[in-house]
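# Fold and geometry: a report
One-letter residues, chain by chain:
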Amino acid sequence: MTSGAAEKQALARIPAQDVVEHLIREMTLEEKLAQLVGVWVNASTDGDSVAPLQNHMAGDSRTWDEVIAKGLGQITRMYGTVPLEPSEGARRLAAAQEQIVAASRFGIPAQVHEECLAGLAAWKATAFPVPLAWGATFNPELVRLMASRIGRSMRSLGVHQGLAPVLDVVRDLRWGRVEETIGEDPYLVGTVATAYVQGLESTGIVATLKHFVGYSASRAGRNHAPVSMGPRELADVMLPPFEMAIRHGAPRSVMHAYTDVDGVPAAANRALLTGLLREEWGFTGTVVADYFGVAFLDVTHGVAGDSGDAAALALTAGVDVELPTVNCFGGPLLAKVREGVVDQTTVDEALRRVLRQKAELGLLSPDFRAEPPALSGPVDLDPAEDREVARELAAQSLVLLSNRSFKGQPALPLAPSGPVAVVGPLADDPFAMLGCYSFDAHVGASHPDVPMGISVPSVAAVAAGRYDSVAVSVTGNCESATGEQIADACAAAASADTCVIVVGDNAGLFGRGTSGEGNDAAGLQLPGDQHEMLDRILAVCGETGTRSVIVVLSGRPYALGDFVDRADAIVQGFFPGEEGAAAVWDVLTGVVNPSGKLPVSVPRSPGGQPGTYLHSKLAGATEVSALDPSPLFAFGHGLSYTTFDLSDHRCSAPTMSTEGTLTLSCRVTNTGSLPGAEIVQLYLEDPVGEVVRPVRELIGYARVELDAGASAVVEFEVHADRTSFTGLDLERVVTPGLVKLHVGTSSSHYAATHEVILDGVRRVVGFDRQMLTPARVRMD
C-alpha cells in the first residue's frame with residue numbers, strides 16, 4: 001500500500017468532527033497552501049479577457065500534475081470559461097477530481113466555483129434577468145425562487161460555490177457595473193440580495209457576497225478607481241446590505257472588493273475583513289479574493305513590493321483563498337512563511353475555514369464521488385421551469401415610465417392588430433436581452449463561430465409572431481448609425497400605426513460594449529447616435545400621427561428628458577434575459593399589467609445627476625446652484641394600466657421609545673378595471689439629525705397584487721432601530737426627536753405622512769439591531 005493510500009484510509013477512520021484538526025496537524029506547509037488557491041484550467045492568456053488583466057496574470061508554467069501534486073483548493077470556472085457542452089464539462093470535471101484525489105496525499109477534492117449573477121454562466125444555461133431587473137420587481141420571493149433554480153443546475157454539474165450576489169449600492173450611474181447591482185437603495189439591495197442568498201444556499205451551493213466593500217462608489221464611476229468615502233457613508237450606505245445578508249441569509253463566503261477606500265485596499269484591510277466581518281459580525285465562512293485581487297496589491301495598488309508582500313498582506317488581513325489562479329499564495333507565500341514574515345498559525349486559521357467548508361460540502365467524506373449527478377442522465381440547463389421563472393421575473397421587472405394620451409386613450413396597451421414598425425439599434429438584436437455576466441455576452445462573444453446555446457428572441461422576432469404586419473429597421477448598433485439607416489427607420493415609422501423604438505445598451509467586458517465591467521460612461525446620454533436617431537424618428541411620428549413607444553433595454557438608466565414629452569409611452573427594461581422580448585410584448589399589449597418600479601432614478605439631463613436619490617438637502621436642487629440634479633423619474637416610480645388608491649392611513653401611536661415598535665397601516669384599493677400590482681413604499685425622514693441625514697430613505701415596502709375593485713390592508717412594523725444611523729462618534733445610534741414616516745408609491749410621491757416622536761435616551765445599536773421592516777398584506 002502506498003503512503004498516500006494509507007493516509008486516506010487513516011483519514012476515513014477519524015470522526016468527522018475531528019478530521020479538519022487532524023489535517024491541519026498532519027499537512028505540510030506546501031499541502032496547506034495548496035488548499036488556499038484556485039486554478040483556472042481553461043483560462044486564456046491572449047485575446048479577449050473575462051477578468052481584469054487576465055492576459056498578464058493567468059499564465060502558469062507548471063504542468064497539471066505539478067499543480068495538483070500537493071492538493072488543490074479550488075477549480076475555477078470549469079463550465080464558464082469556454083463554450084462547452086454541459087455533459088462534456090461534467091466528464092472533464094469528474095476526471096479532474098479523480099486526478100486530484102489520486103495525486104495528493106490526503107485525497108481532498110477541489111471546491112468548484114462558477115459565476116451565477118444572471119443565471120449560471122455556462123453554455124446552454126438559462127439566461128435570467130440581471131440583478132438591476134431583480135431590484136425593479138421589488139419581489140424578493142421571486143428572486144429567491146430564481147436563485148434556487150440556479151442552484152439546482154449548479155449542484156447537478158458538481159459545482160459547489162456561486163460568485164453571487166452583488167451587494168454594491170449604486171452611487172454613480174456612469175459606472176459600468178450598474179447592471180450587476182440591485183439598485184441605489186441599501187434596503188432594497190439588502191432584502192433582494194438576502195433572498196437570492198437564501199435561494200442559492202437552500203440547494204447546498206455556497207453563496208458569495210461581493211464586492212466587500214465600497215466598490216460601486218469609485219471616483220467618476222470608473223472601474224477600480226479609488227473610493228473617496230468617509231466611514232459614516234460607508235457604514236450607512238455600503239455596509240447594511242452585507243450585514244442584512246449575513247444576518248438573515250447565512251452565506252458561507254464573501255469576496256473582497258478591488259478598490260481602496262481612503263487609501264486602504266480591501267484585500268489588505270484587516271480591520272474590515274477580520275475586525276468587522278469576523279470579530280464584530282461573527283462571520284465564520286471563507287473570504288475569497290476577487291480575481292487577481294491579491295496580486296493587484298502589488299501590480300495596481302502599490303502597497304506591496306512584490307507578490308510575496310502581497311500574499312502576506314492579504315492573508316494577514318483575512319483573505320483565505322486566492323482566486324482565480326495561483327499568483328501569490330503559492331511559492332511567494334511559502335517563502336514569506338519560511339522567512340518568518342508570516343506566522344504559520346495565520347495559514348492554519350485560513351486553512352481551518354477552508355477545510356470546514358469543504359467538510360460541509362461533503363468533500364472530506366470518504367463517500368465522495370467525483371461524478372456530478374448530471375452524468376447519470378440527460379443534461380438540460382434551460383428547462384421549461386427555469387424559463388417560466390425567467391419570463392415572470394422579466395415581466396415584473398419592466399417599468400412603465402410614461403403613458404401619454406394618444407387619440408383620447410392611453411398610448412399603451414397596444415391593440416393586437418394593425419401595422420407595427422420595430423426600429424432602432426436593438427430592434428432585432430438578441431443581445432439586447434443579455435447582461436455582461438450572461439454566458440453568451442461574457443464568454444460567447446469571444447467565440448463568434450459558436451452558436452448561442454439558448455433561444456433568445458429579439459423584440460422584432462417576437463413582434464413577427466404576434467402581428468400580421470411588422471416592418472423592421474435596424475439602425476446600426478448602439479454606438480453608430482448611418483444617415484441612411486436612420487432614414488429607413490423614419491420611413492418604417494411613417495408607414496405604421498405604431499412605431500416601437502428599441503434603444504439602450506449592448507453588454508460586454510472591458511470596452512467590448514456600452515455597459516458592463518470596464519464599460520464606464522462619460523455621461524448619461526444614450527450611447528452613440530441614439531439621441532439623434534430618436535429625435536428624427538419622434539419628429540416623423542409626430543408629423544404622421546404614428547403612435548411612438550420607446551423601449552429602453554439597458555444596463556444603466558439614461559437621460560430621457562428630451563423625449564418624455566414627445567414619445568407617447570416609454571418602457572424601461574434592464575437586460576431582462578432570454579425571455580425578455582416576450583415579456584416586453586406581454587407588457588406592450590396588456591397581456592401583463594406592468595408593475596416594475598425603478599431601482600435607480602432616471603436622469604433628466606445627461607450630466608445633471610451622476611448621484612442617486614439617497615442624498616442630503618444640499619445635494620438636491622438649491623438656490624445656490626444653477627444645476628438642478630432632480631431626476632426625470634424618481635427611485636420607486638412605475639406606472640400601471642390600472643389605478644390604485646392608498647387610504648385609511650393609520651399609525652398605532654404618535655410616540656415611540658428609542659427601543660420600541662409601532663405599526664403603520666393603510667388600505668390599498670385597485671380602483672381601475674384590470675388586475676394589477678402596486679408596490680407600497682415606506683420612507684424615513686429625519687428632519688434634524690446630529691449629523692447630516694438623507695432627505696429620505698426607504699425602510700420598507702410591500703408588493704400588493706389585487707383584482708379590479710379589490711382592497712387589501714398593508715401593515716408595516718417599524719422598530720426604532722430602523723431609524724438608526726452613524727452618529728458623531730461613529731457609532732450607530734438611535735436618537736430621540738421627531739421623525740417623519742412617509743407612505744407612498746415612489747420616493748417622490750407620498751400618500752400620507754406620519755410624524756412620530758422618538759422618546760427616550762440616545763441608544764447605541766450594532767449588528768444585532770432590527771434590520772428589517774416586516775410588512776404584512778391582509779386581503780379585505
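Data block above holds the structure.
Here's what I pulled together on the structure shown here. The structure displayed is predicted, hence computed values, not measured ones.

## As for the pairing of strand 21 (residues 676-685)
Of all the 10 residues making up strand 21, nine are buried; the element is thus mostly covered by neighbouring parts of the structure. Judged from the nine bridges that link them, strand 21 and strand 22 (residues 697-706) form a sheet pairing that is antiparallel. Bridge pairing in strand 22 places Ala677 opposite Glu705. Inspection of the sheet shows strand 21 paired to strand 26 (residues 737-746) by five bridges, in the antiparallel sense. Residue pairing in the sheet places Gln681 in a bridge with Gly744 of strand 26.

## Quick notes on the sheet that holds strand 9 (residues 286-288)
Spatial strand order, 1-2-3-4-5-6-9: seven strands in an open sheet with parallel pairing. One side of each edge strand has no neighbouring strand; the edge strands of this open sheet are strand 1 (38-39) and strand 9. Sheet analysis places strand 4 (residues 161-162) next to strand 5 (residues 206-212), joined by two bridges and oriented parallel. Across the sheet, residue Gly162 finds its bridge partner in strand 5, namely Ala207. Each of strand 2 (74-76) and strand 3 (111-114) is contacted by helix 6 (residues 86-103), which is oriented at about 150° to strand 2, the strand it contacts most.

## Considerations on the packing of aromatic side chains
Tallied over the full model, the rule gives 17 aromatic pairs. When the ring of Trp134 is compared with that of Tyr196, the centres are 4.9 Å apart and the planes differ by 10°; the resulting orientation is stacked. Here Trp134 is found in helix 7 (residues 131-137), whereas its partner Tyr196 is found in helix 9 (residues 186-201), with 62 residues between them in sequence. Side by side, Trp134 and Tyr196 carry an identical accessibility label, which is buried. Taking 6.2 Å as the distance between ring centres and 55° as the angle between the ring planes, the aromatic pair formed by Phe138 and Phe635 counts as tilted. Residue Phe138 is found in the loop between helix 7 and helix 8 (140-156), and its partner Phe635 is found in the loop between helix 21 (580-588) and strand 18 (644-651); the two are separated by 497 residues along the sequence. With respect to burial, Phe138 and Phe635 carry one shared label: buried. Of the aromatic side chains, those joined through ring pairs into one cluster are Trp40, Trp175, Tyr215, Tyr258, Tyr291, Phe292 and Phe296.

## Some thoughts on the nonpolar core
Within the largest apolar cluster, 184 residues are counted, with the highest numbers of intra-cluster contacts made by Tyr196, Phe212, Phe329, Ile501, Ile537 and Ile550. Sorting elements by how many residues they give to this core places helix 10 (residues 231-249) first, with nine residues. Setting aside residues up to four positions removed in sequence, Ile550 forms contacts with Ile501, Val503, Leu534, Leu538, Phe563, Ala567, Ala569, Ile570 and Val571. Listed in part, the 38 residues of the second largest apolar core include Leu398, Leu414, Ile454 and Ala463.

## As for the pattern of salt bridges
For the structure shown, the criterion picks out 41 salt bridges. We note a salt bridge from Arg105 to Glu31, for which the minimum N-O separation is 2.7 Å. With Arg105 in the loop between helix 6 and strand 3 and Glu31 in helix 3 (residues 29-34), this pair connects stretches of sequence that are 74 residues apart. For Asp320, the salt bridge is made with Arg353, and the minimal N-O distance between the two is 2.9 Å. Placement of the pair is Asp320 in the loop between helix 13 (307-317) and helix 14 (331-338) and Arg353 in helix 15 (residues 344-360), with a sequence separation of 33 residues. A single network of salt bridges, built from pairs that share partners, joins Arg391, Arg466, Glu579 and Asp586.

## Some points on the side chain of Ser747
The topology assignment puts Ser747 in the loop between strand 26 and strand 27 (749-759). We classify Ser747 as buried; its relative accessible area is 3%. For Ser747, the residues in contact, after removing those within four places along its chain, are Tyr613, Ala634, Phe635, Gln681, Tyr683 and Arg696.

## Details of the layout of surface pockets
Counted as a void, the largest pocket has a volume near 930 Å³. In terms of lining, the largest pocket is formed by 46 residues, of which the most central are Arg171, Val237, Leu614, His615 and Pro694. Where the lining of the largest pocket is concerned, the elements lending two or more residues are helix 9, helix 10, strand 22 and strand 24 (725-726). The dominant element in the lining of the largest pocket, judged by the number of residues it contributes, is helix 10, at six residues.

## A short note on the sheet that holds strand 21
Reading across from one edge, 19-27-26-21-22 is the order of the five strands in this open sheet, with mixed pairing throughout. Only two strands of the sheet have a single partner each, and these edge strands are strand 19 (655-657) and strand 22. Strand-to-strand twist of the sheet, defined as the mean angle between neighbouring strand axes without regard to direction, takes the value 25°.

## Digging into helix 21
Where burial is concerned, most of helix 21 is hidden: nine out of the nine residues are buried. For helix 21, every residue scored as buried is listed here: Gly580, Ala581, Ala582, Ala583, Val584, Trp585, Asp586, Val587 and Leu588. Packed against the buried residues of helix 21 are helix 16 (384-397), strand 13 (420-423), helix 18 (459-464), strand 15 (498-504), strand 16 (547-553) and strand 17 (569-573). Gly590 occupies a position one or two residues after helix 21 and carries a positive phi of about 85°.

## A short note on the packing of helix 8 against helix 9
A packed helix pair is summarised by two numbers, namely the angle formed by the two axes and the spacing between the axes. Orientation of helix 8 relative to helix 9, taken along the N-to-C sense of each, is 35°, at an axis distance of 7 Å. Handedness of the crossing formed by helix 8 with helix 9: right-handed. Facing Pro140, Val143, Arg144, Met146, Ala147, Ser148, Ile150, Gly151 and Met154 of helix 8, the residues of helix 9 in contact are Thr191, Val192, Ala195, Tyr196, Gln198, Gly199 and Leu200. Its residues placed into classes, the contact of helix 8 with helix 9 shows 10 nonpolar, five polar and one charged.

## Details of helix 6
Because the α-helix completes a turn every 3.6 residues, residues three or four places apart line up on one side. Helix length check: helix 6, at 18 residues, gives a terminal C-alpha distance of 25 Å against a target of 26 Å (1.5 Å per residue), a fit within 8%. Within the sequence span of helix 6, burial applies to Pro86, Gly89, Ala90, Leu93, Ala94, Ala96, Gln97 and Ile100.

## So, empty space enclosed by the protein
The tally for this structure, following the rule as stated, stands at six cavities of 30 Å³ or more. Quantified by volume, the second largest cavity comes out at close to 70 Å³. In terms of lining residues, the second largest cavity is bounded by 14 residues, among which Leu120, Ala122, Ala125, Phe439 and Asp440 are the most central. By residue class, the composition of the lining of the second largest cavity is nine nonpolar, three polar and two charged.

Reading the values: rules and limits
Residues numbered from 1 in each chain as written. Predicted model: local features only at pLDDT ≥ 70, side-chain atom pairs only at ≥ 80, totals over all residues. Heavy atoms only, no water. Buried < 20%, exposed > 50% of the residue type's maximum accessible area, 1.4 Å probe, protein only. Helix = DSSP H or I, 4+ residues; strand = E, 2+ residues; numbered from the N terminus. Pairing = 2+ DSSP bridges. Contact = heavy atoms within 4.5 Å. Axes fitted to C-alpha atoms, helices over the stretch in contact; angles between N-to-C directions. Phe/Tyr/Trp six-rings, centres within 6.5 Å; stacked < 30°, edge-to-face > 60°. Core = buried A, V, L, I, M, F, W, Y, C linked by side-chain atoms within 4.5 Å. Salt bridge = Lys/Arg side-chain N within 4 Å of Asp/Glu carboxyl O. 1 Å grid on protein atoms, 1.4 Å probe; cavity = no way out; pocket = protein on both sides within 12 Å on 5 of 7 lines; lining within 4 Å. Points joined across faces, edges and corners; volume = space filled by probe spheres on them. Left-handed = near helix turned anticlockwise from the far one by under 90°. Nonpolar A, V, L, I, M, F, W, Y, C, P; charged D, E, K, R; others polar. Expected span 1.5 Å × (residues − 1).

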